[in-house]
Amino acid sequence: MSTGDIVLEVENLSVTFATESGPLQAVRDVSFTLRAGETLALVGESGSGKSVTSLAIMRLTPPAPLVTLAGSVLFTGADGERRDLLALDLDGMRAVRGNEISMIFQEPMTSLNPVHRIGDQIAEAITFHERVSNRVALARAAELLDKVGIPDARRRLSAYPHHLSGGMRQRVMIAMALACNPRVLIADEPTTALDVTVQAQILELMKELQQATGMAVIFVTHNLGVVAEVADRVMVMYAGAIVEKGGVVPVMTRPLMPYTQGLLHSVPRLDPESLGRDTLEAIPGSVPDPLSLPPGCSFAPRCRHVRPACEAAVPALEAADDGHDVRCRRWRKLAEAGA
Amino acid sequence: MSSAAAIESVETARTVKPGSRAWRRFCRHRLALFGIAAIVLMVLASVVGPWLIPFDQLKIDIRHRFAPPPWEGHLFGTDMLGRDLLVRLLMAGRISLSIGFLAMIVSTAFGTFIGVTAGYYGGAIRVALMRFVDAMLCFPSIFLLLILAAFIQPSVATITLIIAATSWMEVARVVEGQVRSLRERDFILAAEMIGAPGRYVMLRELLPNAIGPIVVAATLTVARAVLMEAYVSFLGYGIQAPMASWGNMLNNAQQYLGSAPWLAIFPGLMITLSVASFNFVGDGLRDALDARLDLR
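Now for the overall build of chain B. Counting its regular elements, chain B contains 13 helices and 0 strands. Along the chain direction, N to C, the helices and strands of chain B fall in the order α-α-α-α-α-α-α-α-α-α-α-α-α. For chain B, the C-alpha radius of gyration of 24 Å lies well beyond 19 Å, the compact-globule estimate for 296 residues. Taking the principal axes of its C-alpha atoms as reference, chain B extends roughly 90 × 45 × 25 Å. Across the 296 residues of chain B, 48% fall into the buried class. Sequence separation of 24 or more characterises 71% of the internal contacts of chain B that already satisfy a separation of 6 or more.

Here is the structure:
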């Protein structure tokens, strides 16, 4: 689709938590690029490291002794300058947050401060980064509310979060995140907590805003239906590492990694042939304990196609096709067998 | 986009403000209402009363010593120097209640500062500050109070500061716990996401959400401070004669306990009434705010 300049290059990002039972590597050697105007979906089960990856890009993980970040996150700002976000000091990072990279969260019910009016909360996002008067900031907040589809925006400025429904609060969060026209928006499961009808509205809204502003979106989700709808490219994570990435069509129609295949099979369908069946094809077992990962492929214990070689060493992320990478020792064989 | 928004309900049907619900819960607490009434009455009487009574608190009248109440206009009787007891009680109320409120303000401000700092920064800063709080709590505060009072010239200001210095720890603990739990909330992450500086997060995001427990702790601190002032003055280290405080009035009364019991009974009642009232109000506020503080 629309492929602009590269705005974000994540290289070998690793996130390690210090726990009482030793270091826990929640994200391992994640690398990807993001171009202006595109949507990259980050898919995986709970605990696969997708949320931690997005928080690490914003440097919103707990501070140093508790969590250590390694690798680099190269961000190209509006001024064309490339900076490593992991090397920035706290003030430098604050100038980037909300201004050039923004984020929206899963829970709109708790992401707004209950004691402040929503207009003030949006206006603050503007005044942190631009030297404008309160009146100007509030006027811009009203424009933003209008842009995210909240009727009667000017009056709504003085509403408190508890006056609004979940979908409306998520719209306010989006307005807050987009207040300074960021180049990258990280959406961490923005529709998971919403009704299905409201989900569709929010997705539609995000698409419209993306087309209007040309921002890049990292869409974190475990909902594959949403992925097919919004993403240009998909990145599948398992146990903290990328196991497959590529364009949305090849990954969704011709997945190479057995894990991705399993994920796609475990989505309930409404087509006639699957309606008669009683059970879904679930992936057996559960996500491995990140403190004691298997020595080889971390998916091996749950994989139907496992061979002894899989359990010996961690497979590399190989390029299977143009722009389609997979981390599986046996992907060629499996593709031939037509799995 | 606008049609999409129209489908969605804009406003949930909640018309009652959280504040007015808390007020109704507070009103259901009978003792707290009694406490409020008693406090307002005591404050008003202390401020206005001495002007309305035709006696001076320092006027000595040897002919009418130990007049039992009520005696020719001396409603509460007179003391060993013939001074009107009622006017002295009210003047003492000015001193004792002022010390109570001022010590509350100082200790709440300091305790809140320590608590927010410790809760927000966490890590080594929290460990250092909160262990300091623990250490302060380990001192038997009455001895600390007496030692400090023995070295420092007693006056309203110094007694206030000394009491505040021994009573900010509870507030610090309450605030630290509150801030530490609020810190994990999504809206704090959201504030940091939009690039809020630490000062803003502490003062505008965390503090307003912790105000309920702070108010409760502050109210209980007034009761404690009034009691502390009474202790210190009773033992002779606090407010000095001829200035009256409820504590030193008790002190003066003890040798006449058998012959003129009203000299001890009235200041004792005032101390009991004020301390109990502040505690009742604190309890009522806790029920109204703390238990089900509606954050949504």
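Attention now moves to the pattern of salt bridges. Tallying each qualifying case throughout the model produces 17 salt bridges over all chains. Among the ionic pairs, R233 of chain A bridges to E38 of chain A, the shortest N-O distance being 2.9 Å. Here the residue R233 of chain A occupies a position in strand β9 (residues 233-238), and E38 of chain A occupies one in the loop between β2 (22-35) and β3 (39-43), the gap between them amounting to 195 residues. Overall, the relative accessible area of 23% leaves R233 of chain A in the partly exposed class. Residue E38 of chain A is classed as buried on the basis of its relative accessible area of 4%. Notably, a salt bridge pairs D91 of chain A with R94 of chain A, separated by 3.4 Å at the nearest N-O pair. Of this pair, D91 of chain A and R94 of chain A both sit in helix α2 (residues 90-96), 3 residues apart, which is roughly one turn of the helix. Among the ionic contacts, a cluster of salt bridges with common partners joins R126, E176 and R180 of chain B.

Residues and elements named next belong to chain A. Take L40: it is sitting in strand β3. Exposure remark for L40: the relative accessible area of 1% places this residue in the buried category. For the pair L40 and V230, spaced 190 residues apart in the sequence, the C-alpha separation amounts to 8.7 Å. Excluding residues within four positions of it along the chain, L40 makes contact with F32, L34, V217, I218, F219, R233, V234 and M235.

Right, let's talk about the sheet that holds strand β6 (residues 101-104) of chain A for a bit. All names here are of chain A. Pairing in this open sheet of 8 strands is mixed, and the strands run β6-β7-β8-β3-β9-β10-β12-β11 from one edge to the other. Two strands in the sheet have a free side with no partner beyond their single neighbour: β6 and β11 (318-321). Taken pair by pair, the neighbouring strands of this sheet meet at an average axis angle of 20°, ignoring direction. With 2 bridges connecting them, strand β10 (residues 241-247) and strand β12 (residues 324-326) associate as antiparallel partners. Within the sheet, the bridge partner assigned to K245 lies in β12 and is D325. On the sheet, helix α1 (residues 50-57) packs against β3, β6, β7 (184-188), β8 (216-221) and β9 and is oriented at approximately 145° with respect to β8. Running at roughly 160° to β8, helix α7 (residues 196-213) makes contact with β3, β6, β7 and β8 of the sheet.

Glancing now at the interface of chain B and chain A. Listed by partner, the interface residues are 29 residues for chain B and 43 residues for chain A. In this assembly, chain B packs against chain A so that about 3,200 Å² is buried in total across both faces, 60% of it on carbon and sulfur atoms. Applying the counting criterion to the chain B and chain A interface returns 1 salt bridge. Between E124 of chain A and R204 of chain B there is a salt bridge whose closest N-O contact spans 3.3 Å. Only α1 (2-7), α9 (186-193) and α10 (198-209) of chain B provide two or more residues apiece to the side of chain B that touches chain A.

On the surface, I36, V40, V43, L44, V47, V48, W51 and L52 of chain B cluster together to form a nonpolar patch covering roughly 760 Å² of accessible area. Here V43 of chain B is to be found in helix α3 (residues 30-52).

All names here are of chain B. Two numbers describe how helix α4 (residues 85-121) lies on helix α5 (residues 123-138): the axes approach to 7 Å, and their chain directions differ by 145°. The crossing of α4 and α5 is left-handed. Across the interface between the two elements, I114, T117, A118 and Y121 from α4 touch G123, I125, R126, L129, M130 and V133 from α5.

Taken as a whole and judged by the stated rule, the model has 9 aromatic pairs over all chains. The interplanar angle of 55° and the centroid separation of 4.5 Å between the aromatic rings of Y238 of chain A and Y259 of chain A together place this pair among those described as tilted. Taken together, the residues Y238 of chain A in strand β9 and Y259 of chain A in helix α10 (residues 258-265) connect sequence positions 21 residues apart. Overall, Y238 of chain A belongs to the buried group, its relative accessible area being 1%. With relative accessibility at 0%, the residue Y259 of chain A sits in the buried group. Judged by centre distance (5.1 Å) and plane angle (65°), the rings of Y259 of chain A and F299 of chain A are edge-to-face. Residue Y259 of chain A is found in helix α10, and its partner F299 of chain A is found in the loop between α11 (272-275) and β11; the two are separated by 40 residues along the sequence. Each of the two residues, Y259 of chain A as well as F299 of chain A, counts as buried. Of the aromatic side chains, those joined through ring pairs into one cluster are Y238, Y259 and F299 of chain A. Across from the ring centre of W51 of chain B, 5.5 Å away, lies the NZ or CZ of R94 of chain B, which sits over that ring.

Residue position: T166 of chain B is located in the loop between α7 (156-165) and α8 (169-183). Dropping the residues within four chain positions of it, T166 of chain B is found in contact with S141, L144, L145 and R224 of chain B.

Let us now look at the environment of G212 of chain B. Note that G212 of chain B resides in helix α11 (residues 211-234). Separated by 74 residues in the primary sequence, G212 of chain B and R286 of chain B place their C-alpha atoms 7.8 Å from one another.

Right, let's get into the pairing of β11 of chain A. Residue and element names in this part refer to chain A. Across 3 bridges, β11 lies against β12 in antiparallel orientation. Paired with D321 across the two strands is H324, which belongs to β12. Where β11 folds back onto β12 in an antiparallel hairpin, the turn is made up of 2 residues, including G323, whose phi is positive at roughly 75°.

Take the packing of α4 of chain B against α11 of chain B next. Residues and elements named next belong to chain B. Interhelical geometry of α4 versus α11 gives an angle of 135° and a closest axis separation of 8 Å. Our classification of the angle between α4 and α11 gives oblique. Crossing angle aside, the handedness with which α4 passes α11 is right-handed. Where α4 abuts α11, its residues S96, I99, G100, F101, A103, M104, S107, T108 and T112 lie against I214, A218, T221, V222, A225, V226 and E229. Partitioned by chemical class, the residues of the contact of α4 with α11 number 9 nonpolar, 6 polar and 1 charged.

Calculation notes
- Residues numbered from 1 in each chain as written.
- Chains lettered and ligands numbered in written order.
- Predicted model: local features only at pLDDT ≥ 70, side-chain atom pairs only at ≥ 80, totals over all residues.
- Heavy atoms only, no water.
- Helix = DSSP H or I, 4+ residues; strand = E, 2+ residues; numbered from the N terminus.
- Rg over C-alpha atoms; globule rule 2.2 N^0.38 Å.
- Buried < 20%, exposed > 50% of the residue type's maximum accessible area, 1.4 Å probe, protein only.
- Contact = heavy atoms within 4.5 Å.
- Salt bridge = Lys/Arg side-chain N within 4 Å of Asp/Glu carboxyl O.
- Pairing = 2+ DSSP bridges.
- Axes fitted to C-alpha atoms, helices over the stretch in contact; angles between N-to-C directions.
- Buried area = accessible area lost by both parts, 1.4 Å probe.
- Patch = residues over 30% accessible without salt bridge, like charges linked within 9 Å, V, L, I, M, F, W, Y side chains within 5 Å.
- Areas by Shrake-Rupley, 256 points an atom, 1.4 Å probe, with all protein chains shown as cover.
- Left-handed = near helix turned anticlockwise from the far one by under 90°.
- Phe/Tyr/Trp six-rings, centres within 6.5 Å; stacked < 30°, edge-to-face > 60°.
- Lys NZ or Arg CZ within 6 Å of the ring centre and 35° of its normal.
- Parallel < 35°, antiparallel > 145°, perpendicular 65-115°, else oblique.
- Nonpolar A, V, L, I, M, F, W, Y, C, P; charged D, E, K, R; others polar.

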